[in-house]
Amino acid sequence: MNITVNKSKGLKGEVVIPSDKSISHRSAMFSALTGGVCEVHNFSMGADCISTLNIIKELGCSVEFLAEKHIRIDSKNAFKKDRYKLDCGNSGTSMRLFSGILASREIESTLFGDESLSKRPMKRVILPLELMGAKFKHNDYKAPLIIQGKELFPIDYKTPIASAQVKSCILLAGLNTVGETKVTEPYVSRDHTERMLKYLEADISTEGNVTRIRKSQLVPKNLHVCGDISSAAFFMVAAAIVPNSDIIIKNVGLNPTRTGIIDVMQKMGADIQILDKRSECNEEVGDIRIKTSDLKSVTIEGAIIPRLIDELPVIAVLASQADGTTVVKDASDLRNKESDRIKCLVTELKKIGVQIEETPDGFVIEGKNKLTGGAEVECYHDHRLAMSLYVAGLICENPVCINEFQWVDISFPEFLPLMQSLF
Ligand code: S3P
């Protein structure tokens, strides 16, 4: 589906942001580990989370939709077969987290995915799992992964990069391994796994960037998924840069390991307010009001990077409207996402007039730049690039045509109607 985005005259109104992708994945996976019945409210209908849901069905769970986005998962018959072939689609989170879950069980499983996922690095999870004694066959550390599951040994592992997927993979292997498994990260990455495992009564504790887990049986409970701040980010940036905008984004997850975008926007001088902060299933939630803002440039580097890693493409669009030069550093892992998000973003934003240059670990953007638009852009099968380009299109002088926009369905199928409801 190719779409055309026109210059916007202003965004006004209220949107309820759909479910968090990271938390939805975990809600289905961890429900499957309880051996009981869990209901999940507000589950994401993005294609990635549906891949996880299909995997737990394949593993023997019964999954029933009780209402829209409300599912009942019964896992009493899970993990009963000796062999599984599991399709992760486009989802890196599914492949990396299930690797940890499956490596520690006496079953043989094959995890495979689409063309993009088959090119993504899996060494980061294979290495620590092999240190725990796991047996893998792989295609030069890429999918398909064949895992000969077995009882593992606990490890004390320092991750070379701050990655929630790597940390979660090891913790999930540790959840089914006798002894204490310990993971230390260079910087704290998103901690949804730790919070949800704790909520389900696992023996897990965190101190700074160190997490410890011991073998535990999870207790079945009902789970609520809050709205995704990574999806909200497109609306936050759009409202900040489109003149005459004032919007409220409801039900946004405000877990401090994910709110780097709010910190950066505040530092840039954005007119942003957090309303009605509350807690849901061990996660902070609130509403965000944001208006058209006068922005100044920033440098984004170091410990904040994992707290806004998925928002960097849309932050580049934001920075194009700030006064001064914005520099993003320490973000080389952006090259390993659904696309090489540094190279692809820079190539496409240049086509519509953004003054942006690629660096090995990020990009540099000159701000206060009138965007010409009037070009056809590609999203490289990457949902976040597609939505970032859409937001840029809202401030371009001439229409922008985005090819293959359907890739937004990976995380945010409701994106277009929700954005258009603010026109
Ligand atoms: C995710 C962690 C991040 C993020 C991805 C989702 C998760 O990846 O980019 O979209 O749910 O754990 P990394 O762990 O590779 O940084």
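(A) How the structure looks around the site of the ligand. The full set of residues close to the ligand is Ser 22, Arg 26, Thr 93, Ser 163, Ala 164, Gln 165, Arg 190, Ile 309, Asp 310 and Lys 337. Ser 22 is positioned with one of its side-chain polar atoms (N or O) 2.7 Å from an oxygen atom of the ligand. Ala 164 places a main-chain nitrogen or oxygen 3.0 Å from an oxygen atom of the ligand. Within the complex, the protein chains bury 95% of what would otherwise be the 390 Å² of accessible surface of the ligand. Among the elements of the structure, α1 (21-32) and α5 (164-174) are those that each provide at least two residues to the shell around the ligand. The residue inventory of the shell around the ligand, partitioned by class, reads two nonpolar, four polar and four charged.

(B) Just the environment of Ser 163, in detail. Within the secondary structure layout, Ser 163 lies in the loop between β10 (156-158) and α5. Expressed as a C-alpha distance, the spacing of Ser 163 and Ile 146, which sit 17 residues apart in the sequence, is 22 Å. Of note is the side chain of Ser 163, whose polar atom sits 3.1 Å from the backbone nitrogen of Val 166.

(C) View of the nonpolar core. Counting residues in each nonpolar core, the largest one holds 84 residues, and the members touching the most others are Phe 235, Ile 249, Leu 312 and Phe 363. With 11 residues, helix α7 (residues 229-241) is the largest single contributor of residues to this core. The residues contacting Phe 363, other than those within four sequence positions of it, are Leu 312, Ala 316, Thr 326, Val 327, Val 328, Leu 334, Ile 342, Leu 345, Val 346, Ile 356 and Glu 357. Residues Met 29, Leu 33, Cys 61 and Leu 129 belong to the second largest nonpolar core, which totals 63 residues.

(D) Broad picture of the environment of Ile 126. Take Ile 126: it is sitting in helix α4 (residues 123-131). As for Ile 126 and Thr 93, which are separated by 33 residues in sequence, their C-alpha atoms are 14 Å apart. The contacts of Ile 126, once residues within four sequence positions are left out, are Phe 136, His 138, Tyr 141 and Leu 145.

(E) Structural context of the domain arrangement of the protein chain. When cut into domains, the protein chain gives domain 1 (3-19 + 226-420) and domain 2 (21-214). A separation of 28 Å is found between the C-alpha centroids of domain 1 and domain 2. Of the roughly 2,400 Å² buried between domain 1 and domain 2 on both sides combined, carbon and sulfur atoms contribute 46%. Ranking the residues of domain 1 by area buried against domain 2 places Ser 19, Asn 282 and Ile 410 at the top, with a combined share of 22%. Between Asp 310 and Arg 190 there is a salt bridge whose closest N-O contact spans 3.2 Å. The interface formed by domain 1 and domain 2 contains 19 residue pairs in polar contact (both at pLDDT 80 or more).

(F) How the structure looks around the layout of surface pockets. Its boundaries defined by the atoms lining it, the largest pocket holds a volume of some 600 Å³. Forming the walls of the largest pocket are 37 residues, and the residues nearest its centre are Ala 162, Ser 163, Ile 309, Asp 333 and Lys 337. Mapped by element, the contributors of at least two residues to the lining of the largest pocket are α1, α3 (92-103) and α5. In terms of residue count, α1 provides more of the lining of the largest pocket than any other element does, four residues in total. For the lining of the largest pocket, the per-class residue count stands at nine nonpolar, 11 polar and 17 charged. For the lining of the largest pocket, the two domains that each supply at least three residues are domain 1 (3-19 + 226-420) and domain 2 (21-214). Space inside the second largest pocket adds up to approximately 280 Å³. Lining the second largest pocket are 17 residues, and of these Ile 241, Pro 243, Gln 321, Asn 369 and Ile 395 sit closest to its centre. Partitioned by chemical class, the residues of the lining of the second largest pocket number seven nonpolar, five polar and five charged.

(G) Geometry of the packing of aromatic side chains. The full count for this structure, using the stated rule, is seven aromatic pairs. Aromatic pair Tyr 390 and Phe 415: ring centres 5.2 Å apart, planes at 90°, arrangement edge-to-face. One end of the pair, Tyr 390, is in helix α11 (residues 383-393); the other, Phe 415, is in helix α12 (residues 415-420), with 25 residues separating them in the sequence. Taking the relative accessible area as the measure of exposure, Tyr 390 reaches 3% and is therefore buried. Of the residues examined, Phe 415 reaches a relative accessible area of 0% and is grouped as buried. Grouped by ring-pair contacts, the aromatic residues Phe 234, Phe 235, Tyr 390, Phe 405, Phe 412 and Phe 415 constitute a single cluster. The side chain of Arg 105 reaches across the aromatic face of Phe 79, ending 4.8 Å from its centre.

(H) Inspection of the sheet that holds strand β22 (residues 376-377) at higher detail. Here we have three strands laid out as an open sheet, ordered β1-β23-β22, and mixed in their pairing. The strands lining the two open edges of the sheet, one partner per strand, are β1 (3-5) and β22. Two elements, β22 and strand β23 (residues 400-402), share two bridges in a ladder whose sense is parallel. Across the sheet, residue Val 377 finds its bridge partner in β23, namely Ile 402. Sheet strands touched by α11: β1, β22 and β23. Its angle to β23, the strand with the most contacts, is close to 165°.

How each quantity is defined
- Residues numbered from 1 in each chain as written.
- Predicted model: local features only at pLDDT ≥ 70, side-chain atom pairs only at ≥ 80, totals over all residues.
- Heavy atoms only, no water.
- Near = heavy atom within 4 Å.
- Polar contact = N/O pair within 3.5 Å; in protein donor to acceptor, adjacent residues only side chain to side chain.
- Areas by Shrake-Rupley, 256 points an atom, 1.4 Å probe, with all protein chains shown as cover.
- Helix = DSSP H or I, 4+ residues; strand = E, 2+ residues; numbered from the N terminus.
- Nonpolar A, V, L, I, M, F, W, Y, C, P; charged D, E, K, R; others polar.
- Core = buried A, V, L, I, M, F, W, Y, C linked by side-chain atoms within 4.5 Å.
- Buried < 20%, exposed > 50% of the residue type's maximum accessible area, 1.4 Å probe, protein only.
- Contact = heavy atoms within 4.5 Å.
- Domains from an automatic or database assignment.
- Buried area = accessible area lost by both parts, 1.4 Å probe.
- Salt bridge = Lys/Arg side-chain N within 4 Å of Asp/Glu carboxyl O.
- 1 Å grid on protein atoms, 1.4 Å probe; cavity = no way out; pocket = protein on both sides within 12 Å on 5 of 7 lines; lining within 4 Å.
- Points joined across faces, edges and corners; volume = space filled by probe spheres on them.
- Phe/Tyr/Trp six-rings, centres within 6.5 Å; stacked < 30°, edge-to-face > 60°.
- Lys NZ or Arg CZ within 6 Å of the ring centre and 35° of its normal.
- Pairing = 2+ DSSP bridges.
- Axes fitted to C-alpha atoms, helices over the stretch in contact; angles between N-to-C directions.

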